Amino acid sequence: VKFNVHRVDMMIIQSIALLDQLDKDLNTFAMRVREWYGWHFPELVKIAGDNYIFARLANLIQHKENLDEEMLPQMEEILMDAGKAKEVLEAARKSMGHELSEIDMLNISRFADKVITLSEYRKELHNYLIKKMSDCAPNLSALIGEQVGARLISKAGSLTNLAKYPASTVQILGAEKALFRAMKTKGNTPKYGLIYHSTFIGRAQPKNKGRISRYLANKCSIASRVDCFSEDLTDKYGLKLRDQVEERLEFYRTGKTPRKNIDVMAEVAKELESEAKDKSGDKDESKEKSKKKKKRKRDDGDEDGKKKKIKKDKKKKEKGQKGKDGKKKKTKKDKK
């Protein structure tokens, strides 16, 4: 396997670990903002359900006594709802909260500002993770999603380790404690680990959750191997594998027979071959065009060179004739 800078999975492992830590910290900080500012404006907690929106409103309003109709456009921009903005204004006028001093409000607003910046950084980190997953493991992310795929890579230690695992290990990856407990007590082993967070298992019926998790683990194993050992980056295998899982869910619901894996992989191979041919054809056409341009330039250069030679020859002839005429004149003068 050739080393590629853009396919380093260590960045994925670190970013998903940081993303999980940020989610925990943001929930803790948001609850602290709600409790702290709720002492002053308790009615806002019920109106603004989202933590990020609540922190932005707390940072904007601060003292509820100063809230007036001039702030309505700003609140509408945050809440994305004119009715809720008016509801906040009416609640501020009838609020039963306690008054706060300037230094207390300053500390609350500074903390709310930190929560806002952390939330925005979390969004940027999530976009970065999506980009890194599309560069490193496009098929796995197309099949199971960026976050679940990144957690699988992080739990395995690297994409290469995940590719080496059998499908049975991928299925229970992340549920090791439950597995060893079941082995000790001789109970039922877990049906799924980290792949439980994918949408497929949630959409399956309770009796089919174990079957679909086994099938999904098989497809994840295929996708990780394609991502690890293929030189050309493409997500077509992952999209086709995702379609296969959808067909399997449909089979469990209605009994419609899904396509075979061999046929699906052959379709992807044909598509990739046709794309490669198109690219090679485009390259050949561009090469032919460049060759034609070079020939035209050469021909134009040859024609220009010929014209220049003809002009030079004419000038030489003219100079020679002038020299002959001068000699003739001199001979005539000598005779005289």
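A brief look at the structure comes next. Keep in mind it's a predicted model, so treat the numbers as computed, not measured.

**Regarding the packing of aromatic side chains**
Right, so step 1: By the definition in use, this model includes six aromatic pairs.
Right, so step 2: On the numbers, 5.8 Å between centres and 75° between planes, the contact of Phe29 with Phe111 is edge-to-face. Of this pair, Phe29 sits in helix 1 (residues 10–38) while Phe111 sits in helix 6 (residues 102–136), and the two are 82 residues apart along the sequence.
Right, so step 3: Here Phe111 falls in the partly exposed class, since its relative accessible area comes to 22%.
Right, so step 4: An angle of 45° between the planes, with centres 5.8 Å apart, marks the rings of Phe251 and Tyr252 as tilted.
Right, so step 5: Residue Tyr252 is classed as buried on the basis of its relative accessible area of 16%.
Right, so step 6: What links up through ring pairs into an aromatic cluster is the set Phe29, Trp36 and Phe111.

**A closer look at the packing of helix 4 (residues 72–79) against helix 5 (residues 82–93)**
Right, so step 1: Where helix 4 meets helix 5, the closest approach of the two axes is 8 Å, and the angle between their N-to-C directions is 125°. With respect to helix 5, the axis of helix 4 lies oblique. Note that helix 4 runs across helix 5; the crossing there is right-handed. Contacts from Leu72, Met75, Glu76 and Leu79 of helix 4 reach helix 5 at Ala82, Lys84, Ala85, Lys86, Val88 and Leu89.
Right, so step 2: Its residues assigned to classes, the contact of helix 4 with helix 5 comprises seven nonpolar, no polar and three charged.

**Details of the nonpolar core**
Right, so step 1: In terms of nonpolar packing, the biggest core is built from 44 residues, with Leu140, Leu143, Ile144, Ile153, Leu162 and Leu216 touching the most fellow members.
Right, so step 2: When residues in this core are grouped by element, the largest group, eight residues, is from helix 13 (residues 209–229).
Right, so step 3: Contact partners of Leu162, with chain neighbours within four places excluded, come to Leu140, Leu152, Ile153, Ala156, Val170, Leu173 and Ser224.
Right, so step 4: Counting 29 residues, the second largest nonpolar core, distinct from the first, contains Leu26, Leu89, Ala92 and Ile116.

**Focus: the environment of Ala156**
Right, so step 1: Here Ala156 lies in helix 8 (residues 146–156).
Right, so step 2: Sequence separation between Ala156 and Ile13 is 143 residues, and the spatial gap between their C-alpha atoms is 9.8 Å.
Right, so step 3: With near-sequence residues (within four places) excluded, Ala156 lies in contact with Asn161, Leu162, Tyr165 and Leu173.

**Concerning the packing of helix 3 (residues 51–61) against helix 4**
Right, so step 1: Relative orientation of the contacting elements helix 3 and helix 4 amounts to 165°, with a least axis distance of 10 Å. Judged by the angle between their axes, helix 3 and helix 4 are roughly antiparallel. Note that helix 3 runs across helix 4; the crossing there is right-handed. Facing Ile53, Arg56, Leu57, Leu60 and Ile61 of helix 3, the residues of helix 4 in contact are Gln74, Met75, Ile78 and Leu79.
Right, so step 2: Classifying every residue of the contact of helix 3 with helix 4 gives seven nonpolar, one polar and one charged.

**A short note on the pattern of salt bridges**
Where charged atoms from two side chains of opposite charge approach closely, those side chains can pair.
Right, so step 1: Taken as a whole and assessed by the stated rule, the structure comprises 14 salt bridges.
Right, so step 2: Note that Glu35 is salt-bridged to Arg32, the shortest N-O span being 2.9 Å. With Glu35 and Arg32 both in helix 1 and three residues apart, the pair spans about one turn of that helix.
Right, so step 3: Bridged by salt links that share partners, the residues Lys236, Lys240, Glu247, Arg259, Glu267, Glu271 and Glu275 form one connected network.

**Focus on unusual backbone geometry**
Right, so step 1: Positive phi outside glycine occurs at Gln62, with the angle close to 55°.
Right, so step 2: Tracing the backbone through its elements, the reader meets Gln62 in the loop between helix 3 and helix 4.

**Focus: helix 8**
One turn of the α-helix equals 3.6 residues, which is why residues spaced by three or four share an orientation.
Right, so step 1: Burial in helix 8 covers these residues: Val148, Gly149, Ala150, Leu152, Ile153 and Ala156.
Right, so step 2: Against helix 1, helix 6, helix 7 (138–144), helix 9 (159–164) and helix 10 (167–171) lie the buried residues of helix 8.
Right, so step 3: With its phi angle positive at about 105°, Gly157 sits one or two positions after the end of helix 8.

**Some thoughts on helix 5**
Right, so step 1: Taking 1.5 Å of rise per residue, the twelve residues of helix 5 would be expected to cover 16 Å, and the 17 Å separating its terminal C-alpha atoms lies within 8% of that figure.
Right, so step 2: Inspection of helix 5 places Ala85, Val88, Leu89, Ala91 and Ala92 among the buried residues, and these make up the whole buried set. An end-on view of helix 5 places all buried positions within 165° of arc, on one side of the element.
Right, so step 3: Elements that come into contact with the buried residues of helix 5 comprise helix 2 (43–47), helix 3 and helix 4.
Right, so step 4: Regarding helix 5, its N-cap is Asp81, as a side-chain oxygen of that residue lies 3.2 Å from the backbone nitrogen of Gly83 further along.

**Remarks on a nonpolar patch on the surface**
Right, so step 1: The grouping of Met10, Met11 and Tyr128 at the surface amounts to a nonpolar patch, some 260 Å² of accessible area in total.
Right, so step 2: Following the sequence through the fold, Met10 ends up in helix 1.

Rules used in this analysis
Residues numbered from 1 in each chain as written. Predicted model: local features only at pLDDT ≥ 70, side-chain atom pairs only at ≥ 80, totals over all residues. Heavy atoms only, no water. Phe/Tyr/Trp six-rings, centres within 6.5 Å; stacked < 30°, edge-to-face > 60°. Helix = DSSP H or I, 4+ residues; strand = E, 2+ residues; numbered from the N terminus. Buried < 20%, exposed > 50% of the residue type's maximum accessible area, 1.4 Å probe, protein only. Axes fitted to C-alpha atoms, helices over the stretch in contact; angles between N-to-C directions. Parallel < 35°, antiparallel > 145°, perpendicular 65-115°, else oblique. Left-handed = near helix turned anticlockwise from the far one by under 90°. Contact = heavy atoms within 4.5 Å. Nonpolar A, V, L, I, M, F, W, Y, C, P; charged D, E, K, R; others polar. Core = buried A, V, L, I, M, F, W, Y, C linked by side-chain atoms within 4.5 Å. Salt bridge = Lys/Arg side-chain N within 4 Å of Asp/Glu carboxyl O. Expected span 1.5 Å × (residues − 1). Arc of directions from axis to C-beta. Polar contact = N/O pair within 3.5 Å; in protein donor to acceptor, adjacent residues only side chain to side chain. Patch = residues over 30% accessible without salt bridge, like charges linked within 9 Å, V, L, I, M, F, W, Y side chains within 5 Å. Areas by Shrake-Rupley, 256 points an atom, 1.4 Å probe, with all protein chains shown as cover.

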